[in-house]
Amino acid sequence: MKKNDFREGLRGGFAVMLAASPFGALFGALAVENGFSIADAVLMSATVYAGASQMVGIELFGNNVQPWLVVLSVFAVNFRHVLYSASIARHIRHFTFVQKFFTFFLLVDPQYAETERRAERGLPVTFSWYLGFGLIIYFPWLINTFIGALFGQLIGDPKAIGLDVLLPIYFLGLVLGFRKRDRFLPVVAASAVASVGAMHFVGSPWHVSIGALAGILLAACLPQTPARGEVPAMEQEA
Amino acid sequence: MDAQHLNLIYLIIAAAVATFATRVGGYVLITQFKHIPPRLEAALNAVPAAVLTTLVAPAFIYGGFDVGASMLVAFAIGMRFSTLRMLLVGWAAVMVIRHLVL
């Protein structure tokens, strides 16, 4: 372990930690609203450790969606991580097997982005640096989940203080984060129409899978643009 | 611990395994595949926006005037500013509508 690299990682991750903290607390509060205990909420933050998909998971869980669909949705929302782990492979070849395990476990959006940037600037991607950057985000994420869940249990009716709109707005923000991608508008339009129709004619939770499938199929069927090179930048979110 | 709570624990663990699979999957795949077909890549690129839209659009259509209006306000903010600011302004909007307008 190189102490300087570790400290440099801690410093680099600090701003990300600050930005992610409100979302950790928000997750904790909404998890409790959707029937989780404080311990459940912290367990999910500790094991899944992927903000957006955790929110999707509790939202679907609160709507009594079948378990397989909850897991599938978490998988779908996190699918971009396949691209991350493929893309950082060339920077972490020198890590040991155990180091790689922790590397992949901590691979959230800002961690990926910063690793790529560090490699691009020609700085060494050491495990010490990576761990420092990851841990300064990971542990506060758990603490903020705990604080939010504790706060959530003290609140009576979440609707009276407007908590219920935060989740759809949060998801709206995530959708907007992808607006630079190819075929964004047709995909969103297809998924929006299909999910609203499915909600009306089939009912929840099927609106999720039907709507998602409509957008994904459309993206695959639309004429393909010539090679664009690298995968576009992902949204900013822990 | 009752059965329902135990099921929730299993669900969380399954979600964690699914997430870890995505985080290690790309590394495993890249060592096998040389090339991803463009249509598959286009489909994969569309996954997050397609899934997340299904959690936004029905809430906007069926959520009632207060939710719909505050989502519109948040959308306008979100085109320029951060998600955090969207949340704060959207939250303020729904509180104003619920306590002062309706």
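Here is what the cut-offs are and how they apply
- Residues numbered from 1 in each chain as written.
- Chains lettered and ligands numbered in written order.
- Predicted model: local features only at pLDDT ≥ 70, side-chain atom pairs only at ≥ 80, totals over all residues.
- Heavy atoms only, no water.
- UniProt positions renumbered as here; feature names shortened; annotations may be inferred.
- Helix = DSSP H or I, 4+ residues; strand = E, 2+ residues; numbered from the N terminus.
- Expected span 1.5 Å × (residues − 1).
- Bend = angle between axes of the 7 residues up to and from the residue.
- Contact = heavy atoms within 4.5 Å.
- Buried area = accessible area lost by both parts, 1.4 Å probe.
- Salt bridge = Lys/Arg side-chain N within 4 Å of Asp/Glu carboxyl O.
- Nonpolar A, V, L, I, M, F, W, Y, C, P; charged D, E, K, R; others polar.
- Polar contact = N/O pair within 3.5 Å; in protein donor to acceptor, adjacent residues only side chain to side chain.

Chain B has the name AzlD family protein in an unreviewed UniProt entry, where Sinorhizobium numidicum is given as its organism.

Chain A appears in an unreviewed UniProt entry as AzlC family ABC transporter permease from Sinorhizobium numidicum. The UniProt entry for chain A carries the following text under Sequence similarities (unreviewed entry): "Belongs to the AzlC family." Recorded in UniProt for chain A, the comment headed Subcellular location (unreviewed entry) runs: "Cell membrane".

Novice: Quick question: what am I supposed to make of the UniProt feature "transmembrane region" (unreviewed entry) in chain A here?
Specialist: Residues and elements named next belong to chain A. The UniProt feature table records "transmembrane region" (unreviewed entry) at residues 12–32, 65–83, 127–154, 160–177 and 184–202. Secondary structure content for residues 160–177 is 61% helix and 0% strand, while the C-alpha to C-alpha distance between its ends is 29 Å. Across residues 184–202, the secondary structure splits into 95% helix and 0% strand, with the terminal C-alpha atoms separated by 26 Å.

Novice: Before we go on, may I ask you to explain helix 8 (residues 127–154) of chain A in this structure?
Specialist: Since the α-helix turns once every 3.6 residues, residues separated by three or four places project in the same direction. Between its first and last C-alpha, helix 8 of chain A extends 41 Å over 28 residues, near the 40 Å set by a 1.5 Å rise per residue. For helix 8 of chain A, the principal kink sits at A:Leu135 and spans about 25°.

Novice: Teacher, can you tell me more about the interface of chain B and chain A here?
Specialist: How big an interface is tends to be stated in terms of accessible area lost as the parts join. Contact with chain B, which involves 60 residues of that partner, is made by 79 residues of chain A. When chain B packs against chain A, close to 6,100 Å² is buried across both sides, 76% of that on carbon and sulfur atoms. Three residues stand out in chain B for area buried against chain A, namely B:Arg23, B:Tyr27 and B:Leu55, and they jointly supply 13% of the buried area on that side. Along the contact surface separating chain B from chain A lie one salt bridge. For the side of chain B that touches chain A, the secondary-structure elements that each account for two or more residues are helix 1 (3–30), helix 2 (38–62), helix 3 (65–78) and helix 4 (83–101) of chain B. With 23 residues, helix 2 of chain B is the largest single contributor of residues to the side of chain B that touches chain A. Class assignment of the residues belonging to the side of chain B that touches chain A gives a composition of 43 nonpolar, 13 polar and four charged.

Novice: Just checking my understanding: could you explain the side chain of A:Asp5 for this structure?
Specialist: All names here are of chain A. Its location among the elements puts aspartate 5 in helix 1 (residues 3–33). Only 2.7 Å separates the side chain of aspartate 5 from the side chain of threonine 126, close enough to count as a polar contact. If we ignore the near neighbours within four places in the chain, the residues touching aspartate 5 are Thr126, Ser128 and Trp129.

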